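Listed here are the chains, written in short residue letters.
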Amino acid sequence: AELMAARAGLLLCGDLATATAVVTTETRGIAGLTIDAKRRDLVAFCASDEHAALRARFAVTAPESMRPPPPPRSAAHPA
């Protein structure tokens, strides 16, 4: 379950460096997995056909993130 959670994070963020950085900062030990074991699994998954197929299926349909518009200026505080 721990490896699948890390893989889901990689799939959602789409960036191996970010996913491994998050795994590296985790301080809790679960299922006896080391940080190196989690990173190795992420690298292997990132290079797999399964990851490529999932990214092609789901990442293409997700809208790109956009910065939200600035809040409207108040009439009481003109610029």
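Refer to the structure printed above.
Residues numbered from 1 in each chain as written. Predicted model: local features only at pLDDT ≥ 70, side-chain atom pairs only at ≥ 80, totals over all residues. Heavy atoms only, no water.

**Q** For this particular structure, what's the right way to read the packing of helix α1 (residues 2-13) against helix α2 (residues 16-25)?
**A** The packing of two helices is summarised by the inter-axis angle and the distance between the axes. Contact pair α1 / α2: the axes reach a minimum separation of 8 Å and the direction vectors enclose 145°. Considering only the axes of α1 and α2, their crossing is right-handed. Contact residues: α1 offers A6, L10 and C13, while α2 offers L16, T18, A19 and V23. Counted by class, the contact of α1 with α2 contains 6 nonpolar, 1 polar and no charged residues. (Axes fitted to C-alpha atoms, helices over the stretch in contact; angles between N-to-C directions. Helix = DSSP H or I, 4+ residues; strand = E, 2+ residues; numbered from the N terminus. Left-handed = near helix turned anticlockwise from the far one by under 90°. Contact = heavy atoms within 4.5 Å. Nonpolar A, V, L, I, M, F, W, Y, C, P; charged D, E, K, R; others polar.)

**Q** Explain the pattern of salt bridges to me, please; I cannot follow it from the model alone.
**A** Opposite charge on two side chains permits them to pair, given that their charged atoms come into close proximity. Counting across every chain of the model gives 3 salt bridges. For the salt bridge of R7 with D41, the shortest nitrogen-to-oxygen distance reads 2.8 Å. Taken together, the residues R7 in helix α1 and D41 in helix α3 (residues 35-46) connect sequence positions 34 residues apart. Its relative accessible area of 25% is what places R7 among the partly exposed residues. (Salt bridge = Lys/Arg side-chain N within 4 Å of Asp/Glu carboxyl O. Buried < 20%, exposed > 50% of the residue type's maximum accessible area, 1.4 Å probe, protein only.)

**Q** What is the right way to look at the nonpolar core in this model?
**A** Soluble, globular proteins show a tendency: their nonpolar side chains are buried together. In terms of nonpolar packing, the biggest core is built from 6 residues, these being A6, L10, A19, V23, L42 and F45. Every element with two or more residues in this core is listed here: α1, α2 and α3. Once residues within four sequence positions are removed from consideration, V23 is found in contact with A6, I35, K38, R39 and L42. (Core = buried A, V, L, I, M, F, W, Y, C linked by side-chain atoms within 4.5 Å.)

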